[in-house]
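Now for the letters of each chain:
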Amino acid sequence: MTRKIQAALLALLLAWLVGYPLLLTLAEALGAPHWNLRHVLDFARRTDEWGALWASVWISLATVGLSAAIGIPLAFLFETADFPGRRVLGTLIALPVVLPPLVGVLAFLFLYGESGVVARAVQLATRSSEPPWRLSGPAAILLVHAYTMFVYFYLFTRAGLARLDAAYYEAASALGAGRLRILRRVTLPLLRPVLAGAALLTFMTSLSSFSAPYLIGGTFRVMTTQIVFSRLNGDVEAAMVETVALAAIALGGLVLLQRAEKRKDVSGAVRGTAPTRRRLRRGGLVAVWGWLFAAILLLPHAMLLLVSFVPPGSWTTELLPPVLSGANWASVFSEPERLRPIGNSLWMSTASTAAALALGLAAAWTAVRGKGRLAGALENLVAIPWALPGTVFAVALATTFSVRAPWAGRFILVGTALILPLAYLVRNLPLTGRAAFAGLRQLDPALEEAAASLGAGRARRFRRVVLPLLRPALAAGASIAFITSLGDFVVSIVLYTFDTRPISIEILSSLRMQETGVGAAYGVLLAALSAASFLFFGTGGPGAAARSG
Amino acid sequence: MPAYLTLDGLRKKFGDFEATRDVSLAIDRSEIVALLGPSGSGKTTVLRLVAGFETPDAGTIRVEGEDVTRLAPERRRFGMVFQHYALFPHMTVGENVGFGLSGERLSDAAEKERVSEALSAVDLTGFEERRVPSLSGGQQQRVALARALAPRPRVLLLDEPLSNLDPTLRDRTRRELKRIIRKVGITTLFVTHEQEEAFDLGDRVAVLSRGRLEQVASPETLYEEPATRFVAAFIGRSSILPAAWGGGRGAGSVTFPSGAVWDAVAGDAALHPQEPVDVVVRPESLRFVSAGTAGAIPGEVLERRYAGHSAYFGVRLAGDAEAEVLARPDAARPGDAVVVAPAPDGPAPRAYPKEKET
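Parameters and conventions
Residues numbered from 1 in each chain as written. Chains lettered and ligands numbered in written order. Predicted model: local features only at pLDDT ≥ 70, side-chain atom pairs only at ≥ 80, totals over all residues. Heavy atoms only, no water. Helix = DSSP H or I, 4+ residues; strand = E, 2+ residues; numbered from the N terminus. Buried < 20%, exposed > 50% of the residue type's maximum accessible area, 1.4 Å probe, protein only. Contact = heavy atoms within 4.5 Å. Areas by Shrake-Rupley, 256 points an atom, 1.4 Å probe, with all protein chains shown as cover. Lys, Arg positive; Asp, Glu negative; His and termini not counted. Charge placed at Lys NZ, Arg CZ, Asp CG, Glu CD. Expected span 1.5 Å × (residues − 1). Buried area = accessible area lost by both parts, 1.4 Å probe. Salt bridge = Lys/Arg side-chain N within 4 Å of Asp/Glu carboxyl O. Nonpolar A, V, L, I, M, F, W, Y, C, P; charged D, E, K, R; others polar. Polar contact = N/O pair within 3.5 Å; in protein donor to acceptor, adjacent residues only side chain to side chain. Pairing = 2+ DSSP bridges. pLDDT = per-residue confidence, 0-100. Axes fitted to C-alpha atoms, helices over the stretch in contact; angles between N-to-C directions. Parallel < 35°, antiparallel > 145°, perpendicular 65-115°, else oblique. Left-handed = near helix turned anticlockwise from the far one by under 90°. Core = buried A, V, L, I, M, F, W, Y, C linked by side-chain atoms within 4.5 Å. Phe/Tyr/Trp six-rings, centres within 6.5 Å; stacked < 30°, edge-to-face > 60°. Lys NZ or Arg CZ within 6 Å of the ring centre and 35° of its normal.

**Student:** I'd like to hear about the overall build of chain B, residue by residue, with values.
**Tutor:** Scanning chain B for helices and strands turns up eight helices and 21 strands. Residues counted as buried form 49% of the 358 residues belonging to chain B. Considering only residue pairs separated by 6 or more positions, chain B has 64% of its internal contacts joining residues 24 or more positions apart. By element, 48% of the accessible surface of chain B is carried by carbon and sulfur atoms, the whole surface being about 16400 Å². One finds the centroid of the 45 positive side-chain charges in chain B at a distance of 2 Å from the centroid of its 50 negative side-chain charges.

Structure representation (structure tokens):
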């Protein structure tokens with residue numbers, strides 16, 4: 001009985017955190033408490049709203065296409081061919097995925113932006129007085145999107161290819177199929193679920209993308225930026241309707257793509273041996289191209305590092321910065337006001353990740369082992385924040401927690417130090433929760449039963465058997481969650497206060513104050529912290545090695 | 001003397017599926033009982049009910065007179081060896097075996113002592129620091145046994161203990177398992193779908209079908225006097241020949257469609273004359289005879305399966321039944337016309353009421 005009560009309380013808490021703010025936002029968009037469609041009709045009459053809505057959709061679709069065009073061939077190259085440096089390069093290429101989107105945009109700006117090194121070089125070469133281009137508008141957004149999101153296709157396709165059984169190829173070629181026919185009739189159909197998964201992830205990420213359209217979109221608006229600008233202009237009602245519209249598109253996309261994924265259920269068997277890699281005849285040439293590509297990918301971040309060493313005001317018209325010094329870094333680490341965002345980001349990310357870990361684990365444990373009626377509800381509640389853009393949750397939480405009505409579960413948290421960690425927590429739930437659900441499902445229930453038959457009660461079973469075995473999965477989930485919170489921009493910009501401003505907001509104000517060097521230093525710091533967290537926990541490296549009980 | 005472990009009227013439903021229906025079983029102290037049945041017969045459910053991983057919808061489980069039906073598994077003090085062993089992969093062999101000793105609040109030295117005692121009982125002395133993945137399948141099985149026995153449980157439960165081993169290892173491991181269980185003298189209930197395993201390890205064998213206990217008896221009784229048609233067909237090799245009850249001189253006789261009459265057929269007293277029956281007969285209870293012998297049924301040899309000192313002959317009998325006959329390898333060849341009759345030795349053929357097709 002107590003277990004049922006515990007499960008019910010947990011479901012209630014999750015519903016309050018995840019479901020309730022969304023429902024309140026929907027209600028207010030529908031004119032609650034008067035329930036009229038005035039705001040919706042206002043929205044429907046404005047052409048800029050429809051424009052932003054359409055922009056969100058087409059940018060996301062184009063991003064999927066572009067990312068697939070880069071990621072899939074690259075995955076085939078790395079998975080089916082062998083050439084010098086394949087391993088190192090293969091890992092290097094995937095790196096952009098762990099870096100905060102804001103940092104990626106910043107790095108791109110410093111390299112390819114109008115005052116970036118590439119533009120300067122072209123300007124010098126053509127002896128023009130004007131920069132040759134402005135990195136702005138939809139094309140610029142697409143470029144940044146493709147640059148960061150092709151990794152999804154690359155990683156998914158590689159994983160899918162690695163799982164395919166060589167016997168499929170052998171069977172097909174024994175039946176007389178040539179390489180193209182095998183690709184068209186065997187490989188691609190078997191990869192379909194994987195490709196659909198990558199497309200879904202890319203679409204959702206692109207739809208939620210905020211940093212790129214905000215920083216380099218110019219006057220071009222997508223739904224996420226439209227929402228934030230509406231709020232900044234004080235048009236709370238419009239923001240509410242826009243939020244609902246964006247959420248509807250996200251859910252619609254999710255349903256459509258998931259249906260496409262399920263329509264033809266082919267499972268690539270894991271049996272047998274993986275196909276052997278062909279040693280390429282011109283392996284050296286491929287390696288050169290590969291390294292070149294990796295350099296292009298990593299160049300923006302190298303640029304970021306370089307800019308962080310440029311003293312304020314010292315770099316004017318030269319191609320490369322004339323002076324380098326540690327002044328920006330010294331200022332970041334010596335001035336308390338500049339240290340503060342770092343401390344804020346660290347404590348808020350740590351606290352929210354820990355809480356998300358505890359909640360995700362509790363939900364998974366209750367749902368997977370309890371098998372009660374609430375199991376499905378718990379899993380859905382934990383997964384919902386993944387399906388919705390961060391902006392949607394930011395607005396929903398801002399709506400819910402700016403009113404004092406304790407009897408309705410509403411408290412004034414906006415403007416306090418609690419709101420951001422709470423928002424991060426909600427956003428982290430799917431990441432830690434999915435890890436916990438997947439880990440627990442993979443765990444043989446017989447292990448817990450064995451512990452029970454040896455006299456171990458629930459607490460001891462959890463501590464001695466479940467937790468140690470879930471640790472690699474949980475560490476990976478927590479690491480991604482931590483990185484997401486640490487680099488968060490989209491939620492922070494809606495909910496931050498001056499005292500709780502995180503690193504991303506500080507980067508933004510550095511750029512506004514023309515302190516690009518300081519902004520770059522913060523960016524490098526974010527990237528380094530993210531990469532370190534990923535390498536340390538995310539790969540299960542030391543966590544897996546130290547499993548000596 | 002009352003039984004040590006008693007299952008009384010156990011019922012368990014999973015949704016609409018009745019996994020066990022009215023299973024009752026009394027097991028004496030130090031007795032080894034095998035639960036034998038095809039997959040889906042409910043044998044694993046019975047074991048899990050006894051272990052406490054499932055709670056029965058009805059019925060009780062008692063140990064030494066104590067009702068444990070609703071007791072949590074961790075309070076039952078039953079040891080269990082799982083089908084895939086369920087050794088904790090993140091612990092050493094010693095930590096695995098010592099896991100169940102924590103409740104006894106032993107000193108470190110005493111616990112170590114108990115662990116090494118348990119390991120030496122399964123011939124794994126000195127394996128304490130080994131890691132689980134480094135062990136062979138047979139060794140893992142013995143660690144699982146040592147871990148289950150270390151806390152000195154009241155009952156030992158084994159779930160298909162040998163199914164995970166490759167066939168060459170199975171015989172040897174089975175003999176070792178038997179030796180260890182006998183030495184410890186623990187009351188044991190184990191699940192298997194292999195008749196040979198059940199016969200070799202079990203003092204008694206409980207045959208389950210569709211959630212019901214068909215018969216609980218010694219291996220000899222099961223083979224020679226199967227109580228139901230299911231047991232007769234499931235245990236050992238047999239042929240099922242349709243016939244009608246009665247027609248002969250004695251109390252137990254059957255008449256086949258060919259007109260042949262067999263006497264000395266065992267059958268339920270409730271059978272009445274002319275009732276359609278299935279006659280279940282072992283291969284060694286049939287022989288080839290010359291035409292005219294009492295009870296002879298003509299047929300044709302379809303196939304011969306050579307087995308060294310003898311061979312099994314598949315014979316299509318008149319009336320379209322198929323019988324299996326054990327005879328010398330050179331007794332007949334496929335295509336031969338033969339005549340089959342009951343052998344004077346070997347278990348008597350048994351008649352069961354004809355089963356309705358399901």
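Having seen the model, we can carry on.
**Student:** Give a detailed account of the overall build of chain A, specifying residues and quantitative values.
**Tutor:** Counting its regular elements, chain A contains 24 helices and two strands. With respect to the principal axes defined by its C-alpha atoms, chain A has extents near 80 × 70 × 50 Å. Taking all 549 residues of chain A together, 51% fall into the buried category. Intrachain contacts of chain A at a sequence separation of at least 6 include 76% that bridge at least 24 residues. Accessible surface, chain A: about 25200 Å² in total, of which carbon and sulfur atoms supply 66%. Side-chain charges in chain A split into 48 positive and 26 negative, and the spacing between the mean points of these groups amounts to 11 Å.

**Student:** Explain helix α5 (residues 101–112) of chain A residue by residue, including any values.
**Tutor:** The first and last C-alpha atoms of α5(A) sit 16 Å apart over twelve residues, in line with the 16 Å expected at 1.5 Å per residue. Taking burial as the measure, the twelve residues of α5(A) include ten buried ones, the bulk of the element.

**Student:** Tell me about the interface of chain A and chain B, residues and numbers included.
**Tutor:** Tallying the contact residues gives 21 residues for chain A and 21 residues for chain B. Summing both sides of the interface, chain A and chain B together bury roughly 1800 Å²; the carbon and sulfur share of this comes to 63%. Considering only the surface of chain A that becomes buried against chain B, Glu449(A), Ser453(A) and Leu454(A) emerge as the three largest contributors, covering 33% of it. Counting every contact that joins chain A to chain B gives two salt bridges. Of the residues that constitute the side of chain A that touches chain B, the class distribution is ten nonpolar, five polar and six charged.

**Student:** Account for the side chain of Arg460(A), with residues named and values stated.
**Tutor:** Within the secondary structure, Arg460(A) is located in helix α20 (residues 458–486). Engagement of the side chain of Arg460(A) in a polar contact is seen with the backbone oxygen of Phe99(B), the distance being 3.2 Å.

**Student:** Let's hear about the pairing of strand β17 (residues 297–306) of chain B: which residues, and what values?
**Tutor:** Residues and elements named next belong to chain B. Both β17 and strand β20 (residues 337–342) contribute to a ladder of four bridges, which runs antiparallel. Across the sheet, the residue bridging to Ile-297 is Val-340, located in β20. Where β17 meets strand β18 (residues 311–317), seven bridges bridge the pair, whose relative direction is antiparallel. Across the sheet, Tyr-306 pairs through a bridge with Ala-311, a residue of β18. Joining the antiparallel neighbours β17 and β18 is a turn of four residues, in which Gly-308 adopts a positive phi near 85°.

**Student:** Tell me what's going on with the environment of Gln226(A), and back it up with residues and numbers.
**Tutor:** All names here are of chain A. Topologically, Gln-226 is positioned in helix α11 (residues 223–232). Gln-226 gets classed as buried once you look at its relative accessible area, which sits at 2%. Apart from the residues lying within four places of it in its own chain, the contact partners of Gln-226 are Arg-46, Asp-48, Glu-49, Ala-52, Arg-221 and Glu-242. Separated by 3.3 Å, the side chains of Gln-226 and Arg-221 make a polar contact.

**Student:** Can you tell me about the confidence of the model for chain A, naming the residues and giving the values?
**Tutor:** In the predicted model, chain A carries a mean pLDDT of 86, and 93% of its residues have values of at least 70. Predicted confidence for residues 540–549 of chain A stays below pLDDT 50, and this span has 14 contacts to residues more than four positions away or in other chains.

**Student:** Explain the side chain of His145(A) residue by residue, including any values.
**Tutor:** Residue and element names in this part refer to chain A. Here His-145 is to be found in helix α7 (residues 138–163). Taking the relative accessible area as the measure of exposure, His-145 reaches 3% and is therefore buried. Within the structure, His-145 has its side chain in polar contact with the side chain of Thr-63 (distance 3.2 Å). The contacts of His-145, once residues within four sequence positions are left out, are Ile-59, Thr-63, Ser-67, Phe-150, Ser-206, Ser-209, Ala-212 and Pro-213.

**Student:** Describe the environment of Arg21(B), with residues and values.
**Tutor:** Residues and elements named next belong to chain B. For Arg-21, the location among the structural elements is in strand β2 (residues 17–27). For the pair Arg-21 and Arg-170, spaced 149 residues apart in sequence, the C-alpha to C-alpha distance is 32 Å. Engagement of the side chain of Arg-21 in a polar contact is seen with the backbone oxygen of Arg-210, the distance being 3.1 Å.

**Student:** Please set out the packing of helix α15 (residues 336–370) of chain A against helix α16 (residues 375–387) of chain A residue by residue, giving values where relevant.
**Tutor:** Residue and element names in this part refer to chain A. Running from N to C, α15 and α16 point in directions that differ by 150°, and their axes come no closer than 8 Å. The orientation of α15 with respect to α16, classified from their angle, is roughly antiparallel. In this structure, the crossing between α15 and α16 has a hand that is left-handed. From α15, Ala-363, Thr-366 and Ala-367 reach across to α16, where they touch Ala-375, Leu-378 and Val-382.

**Student:** Outline the nonpolar core, listing residues and values.
**Tutor:** The biggest cluster of nonpolar side chains holds 192 residues, and the ones touching the most others in it are Leu14(A), Ile493(A), Leu495(A), Leu25(B), Phe88(B), Leu157(B) and Leu189(B). Apart from residues no more than four positions distant in its own chain, Leu495(A) is found in contact with Ala394(A), Ala398(A), Ile419(A), Leu420(A) and Ala423(A). Membership of the second largest hydrophobic core comes to 41 residues, among which are Val93(B), Leu119(B), Ala150(B) and Val207(B).

**Student:** Please provide a residue-by-residue account of the packing of helix α19 (residues 445–453) of chain A against α20(A), values included.
**Tutor:** Residues and elements named next belong to chain A. In contact at an axis separation of 10 Å, α19 and α20 are set at 160° when each is read in the N-to-C sense. Between α19 and α20, the angle falls in the class roughly antiparallel. Viewed along their axes, α19 and α20 form a crossing whose handedness is right-handed. Counting all contacts with α19, which are made through Leu-447, Glu-448, Ala-451 and Ala-452, the residues of α20 involved are Arg-461, Val-465, Val-466 and Leu-469. When its residues are assigned to classes, the contact of α19 with α20 shows six nonpolar, no polar and two charged.

**Student:** Hey, could you go over the sheet that holds strand β13 (residues 261–263) of chain B for me, with residue numbers and the actual values?
**Tutor:** Residues and elements named next belong to chain B. Within the open sheet, the six strands sit side by side as β13-β12-β11-β15-β21-β14. Their pairing is mixed. Every other strand in the sheet has two partners, leaving β13 and β14 (266–267) as the edge strands with one partner each. Taken together, the three bridges between strand β12 (residues 253–255) and β13 define a ladder with antiparallel strand orientation. Among the inter-strand pairings, Val-254 is bridged to a residue of β13, identified as Trp-262.

**Student:** Describe in detail the packing of aromatic side chains, supporting the description with residues and values.
**Tutor:** Taken as a whole and assessed by the stated rule, the structure comprises 21 aromatic pairs over all chains. Between the aromatic rings of Tyr214(A) and Phe229(A), the centroid separation amounts to 5.8 Å while the plane-to-plane angle is 20°, which identifies the pairing as stacked. A residue pair is termed long-range when its members are at least 10 positions apart, and Tyr214(A) in helix α10 (residues 211–216) and Phe229(A) in helix α11 qualify at 15 residues. An aromatic cluster of three or more residues is present, and its members are Phe78(A), Phe150(A), Tyr154(A) and Phe293(A). A cation sits over an aromatic face here: Arg237(B) above Tyr312(B), 4.1 Å from the ring centre. The ring of Tyr223(B) has Arg282(B) sitting right over it, with the charged end atom 4.1 Å from the ring centre.

**Student:** Any chance you could break down the confidence of the model for chain B for me, citing the residues and the numbers?
**Tutor:** Taken as a whole, chain B shows an average pLDDT of 91; of its residues, 99% reach a score of 70 or greater. Among the prediction metrics, the complex's ipTM stands at 0.84, with pTM recorded as 0.82.

**Student:** Residue-level account of the sheet that holds strand β1 (residues 5–14) of chain B, with values.
**Tutor:** Residue and element names in this part refer to chain B. With antiparallel pairing, four strands are arranged side by side in an open sheet as β2-β1-β4-β5. Each edge of the open sheet carries a strand with a single partner, namely β2 and β5 (66–67). In this structure, strand β4 (residues 58–63) lies alongside β5, joined through two bridges in antiparallel fashion. Each residue of the ladder has a partner; that of Arg-62, found in β5, is Asp-67. Seen against the sheet, helix α1 (residues 43–51) touches β1, β2 and β4 and runs at an angle of roughly 115° to β1.

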